[in-house]
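If you want the building blocks of each chain, they are given just below.
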Amino acid sequence: MNTTFSIDSMENGIVIDHIGAGKGIRIYNLLHLDELDCPVVLVRNARSIRYGRKDIIKVAGDIQLDLDLLGYVDHNITVCTIKEGKVIEKKKLTLPKRLVNVIRCRNPRCICTVEEGIDHVFELTNHNTYRCIYCESKSKM
Ligand SMILES: [Zn+2]
């Protein structure tokens, strides 16, 4: 029986490609990929024609990704869905306009920090930064 796992010939799964070099581990942690039972591969510092170096994450399983979260961490990411060895979908991410409970407001006096059960909502500004909709604190990328 062949038990070797070859991610290059992955039959079904998701490839998160064009992750900025060094950000792969952050995404891995943010998406809680360590909790998955299926094979997960994090490739660091792969060669990229476009960016020089990039990180890649491959998940050999059917998982739902939080695309807002991914887009927030790195909007240059491409997400490919693979079925029966073929890429059936390729999604380019953009900076999400609104982030709900993706990042938390760090202002200790903000209503969403003070009160329990309030969503942490950030909106994209013209300067590609995010501000808390309650207190206008900037998020730290
Ligand atoms: Zn706030």
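Residues numbered from 1 in each chain as written. Predicted model: local features only at pLDDT ≥ 70, side-chain atom pairs only at ≥ 80, totals over all residues.

## Thoughts on the domain arrangement of the protein chain
For clarity, the threshold we go by: The split into domains, and so the bounds of each, comes from an automatic or database assignment of domains.
Here the protein chain is partitioned into domain 1 (13-92) and domain 2 (98-132). Once you take the C-alpha centre of each, domain 1 and domain 2 turn out to be 25 Å apart.

## Things to note about the sheet that holds strand β2 (residues 40-48)
We apply this condition: Should DSSP find at least two bridges between two strands, the strands are taken to pair. Strands are runs of DSSP state E lasting at least 2 residues, helices are runs of H or I lasting at least 4, and numbering of each runs from the N terminus. To obtain each axis, a line is fitted to C-alpha atoms, and for helices this fit is confined to the stretch in contact; angles are then taken between N-to-C directions over 0 to 180 degrees.
Spatial ordering of the open sheet is given by β2-β3-β1-β4-β5, a layout of five strands whose pairing is antiparallel. Edge positions in the open sheet fall to β2 and β5 (86-92), since each of these has one partner strand only. When strand polarity is set aside, the average angle formed by the axes of neighbouring strands in this sheet is 20°.

## Observations concerning the sheet that holds strand β6 (residues 98-100)
Sheets are built from strands that pair by backbone hydrogen bonding, the pairs being arranged parallel or antiparallel. On the basis of which strands lie adjacent, the open sheet formed by three strands has the order β6-β7-β8 and antiparallel pairing. Only two strands of the sheet have a single neighbouring strand rather than two, namely β6 and β8 (130-132). The average undirected angle you get between the axes of adjacent strands in this sheet is 25°. The pairing of β6 with strand β7 (residues 121-124) spans three bridges and is classified as antiparallel. Bridging across to β7, Arg-98 finds its partner in Glu-123.

## Brief notes about the nonpolar core
Note the threshold: Working definition: the nonpolar core is a set of buried Ala, Val, Leu, Ile, Met, Phe, Trp, Tyr and Cys residues, joined through C-beta atoms within 7 Å. Residue burial is a threshold on neighbouring C-beta atoms within 10 Å of the residue's own C-beta, all placed from the backbone, with 20 or more meaning buried, 12 or fewer meaning exposed, and counts in between meaning partly exposed. Residues are treated as contacting if the C-beta atoms built from their backbones sit within 7 Å of each other.
Membership of the largest hydrophobic core comes to 14 residues, with the highest contact counts inside it found for Ile-16, Ile-19, Ile-27 and Ile-57. Within the residue set of this core, elements represented by two or more residues are β1 (13-20) and β3 (52-59). When residues of this core are assigned to their parent elements, the largest contribution, four residues, is made by β1. Leave out the neighbours within four places in its chain, and Ile-57 touches Ile-16, Ile-19, Gly-24, Ile-27, Tyr-28, Val-40 and Leu-42. Counting seven residues, the second largest nonpolar core, distinct from the first, contains Leu-99, Cys-105, Phe-122 and Tyr-130.

## Considerations on unusual backbone geometry
The backbone of Glu-84 sits at a positive phi, close to 45°, despite the residue not being glycine. Tracing the backbone shows Glu-84 in the loop between β4 (78-83) and β5. By the C-beta count within 10 Å, which is 7 here, Glu-84 ends up exposed. Phi is positive for Asn-128, close to 60°, though the residue is something other than glycine. Along the chain, the position of Asn-128 falls in the loop between β7 and β8.

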